[in-house]
Amino acid sequence: MATCELYSKFARVWLPDAEEVWKSGTLIRDYTPGDVMLTLQLDDGTEMEYKMDPQSNNLPPLRNPNVLVGENDLTALSYLHEPAVLYNLKVRFLDSRLIYTYCGIVLVAINPYESLPIYEADIINAYSGQNMGDMDPHIFAVAEEAYKQMARDERNQSIIVSGESGAGKTVSAKYAMRYFATVSRSSVETRVEERVLASNPIMEALGNAKTTRNDNSSRFGKYIELGFDKKRCIIGANMRTYLLEKSRVVFQAHGERNYHIFYQLCASSDLPEFKALKLGCAGDFRYTNQGQNPAIDGLDDAKELCATRRAFSLLRISESDQMAIFRILAALLHLSNVEVTHQSADASSISPGDPHLMAFCELTGVPCEEMAHWLCHRKIKTTTETYIKSISKINAVDGRDALAKHVYAALFRWIVGRINSALASAMKRHSFIGVLDIYGFETFDVNSFEQFCINYANEKLQQQFNQHVFKLEQEEYMKEEIPWTLIDFFDNQPCINLIEAKLGVLDLLDEECKMPQGSDGSWAQKLYNTLLRQNAHFDKPRLSNAAFIVHHFADKVEYQCEGFLEKNKDTVNEEQINVLKNCKLELLLKLFEDEEKMPSSTSKRSGSARRANKKTVGLQFRQSLHLLMDTLNATAPHYVRCIKPNDQKAPFIMDPWRAMQQLRACGILETIRISAAGFPSRWTYQEFFSRYQVLMKKKDVLPDRKKTCQSLVGKLVKDRDKYQIGKNKIFFGAGQVAYLEKLRSDKLRMACVSIQATIRCWLARKKYLRMKASAVTIQRHVRGHQARCYISVLRRTRAAVVIQQNVRMWATRRRFQQQRAAAIAIQSCFRASVARKQYYKLMFEQKAVVIQTWARGWLARVRYRRTLAAVVLLQSCVRRLRAKKDLKKLKVEARSVEHFRKLNFGMENKIIELQLKINDQQKENRELIEKRNVVEKTVSVEREKQSREIKSLRRSVQEANAKAETLPSLLERLSFLQHELENTRKEKEDLQEEAKVYKKKTQQVIEDLNMRNSLLDSEKDGLNKLTLEQDQQLADLRSNMGDARRLEKDLTEERSRYQTLLSEHLSLEERHRDLNDEMSISVGSNQFSDKRRGSGSSAFTGSSGSTEEEDGSVAAEEESQSTEDLPVLLKLQRRVKELEQDKQSLWEQLDEKEEVQQEKAKEEEELRSVGRAELDLERLRRHELESQTKKLTQDLNDLRTSLMGEDSDLMPPAPGTMPYTVLLEQLASSNDELEVRKEEVLLLRSHMVRQDALKHKGSVLGEGVNLDLEMPSFQDPDRSTDVHTLNEDGELWLAYEGLKETNRLLEFQMQDEESSHSHRCNVLLEEVEKLKNEKEEQQKLLTQSLLLPEDARFEAGLNHEITRLTHENLELMAAQEKQENTIRKLRKQLKLYVRKVEDFEVSAQQKSNASVMNAPVRVVNITRKEKEYRGMLEYREGDEGHLLRNVVTDLKPRGVAVSVMPGLPAYVIFMCLRYADSVNDDQRVSALLNGSINSIRRVIKRRGSDFEVVSFWLANTCRLMHCLKQYSGDPAVMRLNTAKQNEHCLVHFELSEYQHVLGDLAVQIYRQLIKCIEKILQPLIVASMLEPETMQGALGSKATGLRKRSTGVSEEGLITVEDLLQHLGHFHATMSQHGMDADLVKQVVKQQYYAICAVTLNHLLLRKDMCSWSKGLQIRYGVWQLREWLAERELGDGGASETLDPLVQAAQLLQANKKTEADARAVCNMCSALTTAQIVKVLTLYTPVIEFEERVSGAFIAAVKNLLKERIEPSTLMMDTKRVFSVTLAFTPSPVALEAIQLPASLGLGFLTHI
């Protein structure tokens, strides 16, 4: 787009102005090429015409769109020019009160002349670890970027802070150093950071002074290198100073002060230690009263001296050295008051009795006469002689001042050296960050040598800055692979050559200083002759021959040559120095000793050799400046440019001219010019797409974002030179973004217009339809009245006709009914007689048939009984004979081995039958499933048919409705009207009667009301009295409630205070322990040989014998913590005597009971041993049979595997082959034999039971056994003997009972199958019924909805859908609950089965061991009795270390939490503790508890960063603490236990002290858990709550300049709220899995939500780009998701939701109306959880994202401040992210029974035994 096209109507431009530098105007008409005048309207409404230069025809610069005003980075502006930069800084500084702004790589800092709350520790924590573009501009952001680059790139960094005096350089450098000292805290308290910060007050006292522009101006330059180790912790520092302004020691201009240290000494002169200095008021000394302004408002010099002395002490400068420093400074003050008396033109004198001279000599320890002599004389040396010459008063005063300057400079250098030695580190420096605090470009009315050196240094720094900026631009273009051309920038190398090159200004100055008769005038003439015509940057003033002009990069400066030579030489009388060298003050001697080591000489007239080697001040400064530039070039620079907004030091007032001068001087405008020459606006493809996708059509959006953006840019920007396409970014030239913004705003404006048009059309149509409906209603009522009149006539005619019809019908009907009744009577009589005759005949025939049937049936039954009895008798006889023979054969075969083998041949057939049955069942299941699928298909088909029928019904209903509307029934209308007329008549009569009755009633009511009013008045008085009393009672209650709340608040504060102190105490203990360990390790390494020789007598011989190092550390820690066990031991010692007596009595009773039990056991053993022999034989047979069956089944399995194995060489036989048939026959025979063997086993078992019962019948064990096995009674007595002979020894009866049992089992199986089948069928039927009901309901709904209008039909359908979904959800929830219940049941069953399997394995192992040991003895089966455990674990003394290593130290929570019950380690430790308590061993108790606490502490210390470990041990520590309380025997707690749990209470020890110790340990672990959680959540909170751009298109992101946000790169890497909720869910699931108390889980979740709120709100308050309407919507959405997460897990009552209130209110504040006073009141009422500072900050930072939004006015912010000034609240801006709520450990008893706890084998606790 052409530039002239942008100058259209309503375009805003900048016009030059004499007062404001630039002012804004708006074009009234379009500009066309060739116009000489522009018609403009200013912001105040005045119109003007702007004349353009006809030669250049330059148009005024355009203004940026409003949406780009106030940007964090000046390079983000579309138009980069001087007025845009100045206006953006002004808006940020005055409107938003933001003092920091980026300009590419430069941070612009404007001095607010007011203390701002933006440098606290919480602000440092907020900026720590953040990317530079993610936060608002700040000095902390620059420091963090330097710190991060040092760690990432392993390259040294530099922060260059520059600006003129009063701009805030020193404060910026101080805050940068504070940031480094805060974020790089080392783990060991070396106090290096404190010493680094302590150097600031010392250097400010000795090197800062008040000037006309600044109350704390640095009069020297310094470069501080902060050294870091590999862990990026500060290990030391080094300081280099440049060009101290020594002339200020002896001279100050009006309104200025000397260095602060002199005024601090004078203000503290009344202190006892300063009495010897003989100081007084600052106005009494010449060096401190020249400026006539000794005081600074708001500064207490006495307090500042205390701070300086503290800093001296912290930097290891002793008190004696401090007093020596103060003596020297006081001596200089006294020296300033020494009076020089004029004697002649070349002579002067000083009285030896001068009090100030005497004070000077007394303080320095020099002879008074010598000092007085050499202050007025000098020594002149020639080649042959030496002369002493007196000097004039002026020269004497100059020599005195030179001596003072020289001593002060030497003292300053010595102090800097001492600071460097105190900050030096013995460790090797890995890297460093340098902070350069150097003077900015200066120009005054009179500029001398100091200003020349300062401007020379700024020329060098500006050259380095320009080269660095150009290099970065070039690297950016090369990285993006776009073509670039050489950018022309201002190169100040010629100006630098003018100063430092050969025959330059400094070279000529040094040459003139070497001349014997050199002067300032001769030097000026040399400059004119040498440089005036050769260098364009040098010029001569018109009206002066003692000055010269240098054209610097910032401005041209005129320097006065007077004093240049003297200041460059920096000479002092050598004899005065020699006098001082003979002083008695040691520090003064050190100063001159250090000076002699320097290569330069201090003599004014030295020999030729010294004169040749002497370095001038200019040469020294040039060399140090070259070293500084080499250092800066070797580091990565970061630039801070400080701006002074006004010369009056007024807060938040900007002088545009002064600001513009400094912007030019510090190179900001040059940076802007370099950026504007290329492509200043840079967008990533994602940012560009999200911002300008409103300009695309849907078809233009391609899958590849890069191609999409390229096509869009190509369509919008026609000129290819105005943009470039890079690899990751799009580069736009100056003004192109403004053009795109104009297109975007036009598109959005057109969309708004179309929306408004549609809404207005809808409103007009709605009004028209309302008027039309009113007219139709009026017409309807008129036509209705006419129709009713017509209907009344028709109704009367119709009534007459109807009456006639009814009368005639009544007469005819009466005659017909009489005739019909007579005929019916005759017919009924005749038919009754015929029916009676027929009934009698049928009854006689039926009775005859019945008699015949009974007779024939009796004869047939008699014949059947006879034949049946004969057949049964014959069968029984035959079967008895066969059974006897078979029984004898079976008995013979039963004793042979071959029979057992044959029996097993039929086993395979049985297995195959069972498999066939299983296949049949599976087939039936498949058939049922297919039937169910068929039913479902039929149901779906029926649904489709019904839907079709419903559609057809809907059509028919619509047709019927149409017909009904077109064909109204006139008859129905007539009948309705007639009925209505009759009703009206009746109503009229009723109303008349009611009116009469009403009159009477009203009179009665009035009388009653009068009576009631009198009663109510009396009651009202009584109620008023009652209300007054109740109000007083309510006030008392409220005061009591307030007191209770206050007490509760105090309690929580005390608890939190105690817990913080506890955490600090524990951390100190751990640190002390670490130091002891380090000391012991160091001592142990030195004495290793001695310990090896004396190992036999070492302190570790009393350990438990463990060879691992951890056991030794456990013992050492137990010894170190023996002090914690003192109260328990004291209590135990008090009870020893009483417990010993009780113990003896209990042992006696126990012995008596054991003797009685032994006697009873002997008697029972004798009774049991009566019939064991026979039982042993029967058991032996049973065991042999079972073992043989097991062997056979094993052989069968081996056979199967051999046949079906995959690795076998031979393939299994195919079906139908000979081997296959043989195998089948063998399997069938084995199955038959197996069945027979099972029957025999059943017979043997029943026989054994009977024999056992017979033997114990007479004993005590057989009293309850019934041995009367009744045989079946037969009616035939003849067959009783046969049956008894058949049933020998009861075998047949036992076999019969076994068969009955098998039949019962089969019946039960069949019944289960039938029940399951019927259950499935019922379920299917229920589903079918349910589908039918749903179909009917849908049909009803459709029929009802067809009758309703469209709106009601939609609502009805919606309600039906909601109810249906709720029913489905309820059903799913019920099903889920059922599944959970079944899972719980299955888990319980699985645990029981696992226990049974373990018991079976143990019993099997015992049996195998017994069989091996007792092989020759007869095998006897011993039944195992169920053990009753006492809930304790026995361990040997000394196994505590092994136990704690397996249960605590080496335990892995991740595997244990899944496989075992929650809290198992705590239960194991407590069960071992119960054993120690049961044996009354206090040493075991203390060793176990102390070892457990120390082991847990070690685990937390070693693995404290693992969340699962910390959560696991927090849950177990709380559980152990609860177990100590639950089983303590406290009556209040015992009521919550079961009877069995109360039996397990501790007996001998009271361990309440250990409960407190465990509670403190739990608090420590809780705080560590919170640290782990915050460490994990910290990088996710801001990225999920603030970063994702959820609102695209119209609310897309804006340009961010060179400082790009870290989240604007790709969509795949975005972190959303779902990711945050996933982590929260993981934390909650882990804590629940570990069995943590629910109340404790809620407290952890509350702390998590507070951290989310605090971090998010703090970043919102520090990021201007986040304070917008769309971001408020996004925050509210995130908060809603967080609260939904709480509701899903039923954690809403834990207070977590309330912690999000400040964040919610901040989001509401971003979206609220912010215009009127009512809005201000609403904002104040809404934001109750935010402080005043936070509310004002959010309103100040509010930034529109689109042009339709408006900024918050200053009047609205002032109104909010005025409304909130009565609030009593802290004035903090940031929320405390380190705050941890006090935790309450509520007691929760455990329902777990100790005796039911099983120890898994994975824990390796085999040395513990259950008791």
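Since this is a predicted model, take the numbers as computed values, not measurements.

S.K.: Pulling in residues and values, what's your account of a negative patch on the surface?
M.R.: Among the surface-exposed residues, Asp920, Glu924, Glu927, Glu930, Asp1312 and Glu1313 lie close enough to one another that they form a single negatively charged patch. For the negative patch, the elements supplying multiple residues, two or more each, are α27 (907-966) and α36 (1291-1347). With 4 residues, α27 is the largest single contributor of residues to the negative patch. Counting through the fold element by element, Glu1313 comes out in helix α36.

S.K.: I'd like to hear about unusual backbone geometry, residue by residue, with values.
M.R.: In this model, Arg232 sits at a positive phi of 60°, which is unusual for a non-glycine residue. As for its position among the elements, Arg232 is in the loop between β10 (221-228) and β11 (234-242). Exposure remark for Arg232: the relative accessible area of 35% places this residue in the partly exposed category. For Arg316, which is not glycine, the phi dihedral falls at a positive 65°. Positionally, Arg316 belongs in the loop between α7 (301-314) and α8 (319-336). Classification of Arg316 by relative accessible area gives exposed; the value is 55%.

S.K.: How would you explain the nonpolar core if you had to name every residue and give the values?
M.R.: Residues Phe180 and Phe548 are the most contacted members of the largest nonpolar core, which totals 345 residues. Counting residues per element, this core draws most heavily on helix α45 (residues 1552-1585), at 17 residues. Excluding residues that lie within four positions of it along the chain, Phe180 makes contacts with Ala143, Ala146, Tyr147, Ile159, Leu226, Phe228, Ile234, Ile433 and Val435.

S.K.: Give me a positive patch on the surface: which residues, what numbers.
M.R.: A surface patch of positive charge is lined by Lys884, Lys888, Lys891 and Arg895. Tracing the backbone shows Lys888 in helix α25 (residues 736-894).

S.K.: Summarise the pairing of strand β7 (residues 157-162); cite the residues concerned and give the values.
M.R.: When a strand is regular, its side chains alternate between the sheet's two faces. The element β7 is extensively covered by neighbouring structure, given that 6 of its 6 residues are classed as buried. Residues Gln157, Ile159 and Val161 line one face of β7 and the alternating positions Ser158, Ile160 and Ser162 line the opposite face, and both faces are buried. As paired elements, β7 and strand β16 (residues 431-437) share 5 bridges and run parallel to each other. Among the inter-strand pairings, Gln157 is bridged to a residue of β16, identified as Ile433.

S.K.: Outline the sheet that holds strand β19 (residues 556-560), supporting the account with residue identities and numerical values.
M.R.: The antiparallel open sheet is built from 3 strands, whose spatial order is β17-β18-β19. Every interior strand has two partners, whereas the edge strands, β17 (538-539) and β19, have only one. In this sheet, β19 lies alongside strand β18 (residues 547-551) in antiparallel orientation, the contact comprising 5 bridges. When the bridges of β19 are listed, Ala547 appears paired with Gln560. Contacting β17 and β18, helix α15 (residues 520-531) crosses the sheet at an angle of about 45° to β18.

Reading the values: the criteria
Residues numbered from 1 in each chain as written. Predicted model: local features only at pLDDT ≥ 70, side-chain atom pairs only at ≥ 80, totals over all residues. Heavy atoms only, no water. Patch = residues over 30% accessible without salt bridge, like charges linked within 9 Å, V, L, I, M, F, W, Y side chains within 5 Å. Areas by Shrake-Rupley, 256 points an atom, 1.4 Å probe, with all protein chains shown as cover. Salt bridge = Lys/Arg side-chain N within 4 Å of Asp/Glu carboxyl O. Lys, Arg positive; Asp, Glu negative; His and termini not counted. Charge placed at Lys NZ, Arg CZ, Asp CG, Glu CD. Helix = DSSP H or I, 4+ residues; strand = E, 2+ residues; numbered from the N terminus. Buried < 20%, exposed > 50% of the residue type's maximum accessible area, 1.4 Å probe, protein only. Core = buried A, V, L, I, M, F, W, Y, C linked by side-chain atoms within 4.5 Å. Contact = heavy atoms within 4.5 Å. Pairing = 2+ DSSP bridges. Axes fitted to C-alpha atoms, helices over the stretch in contact; angles between N-to-C directions.

Function cannot be read off these values alone, since they describe shape.
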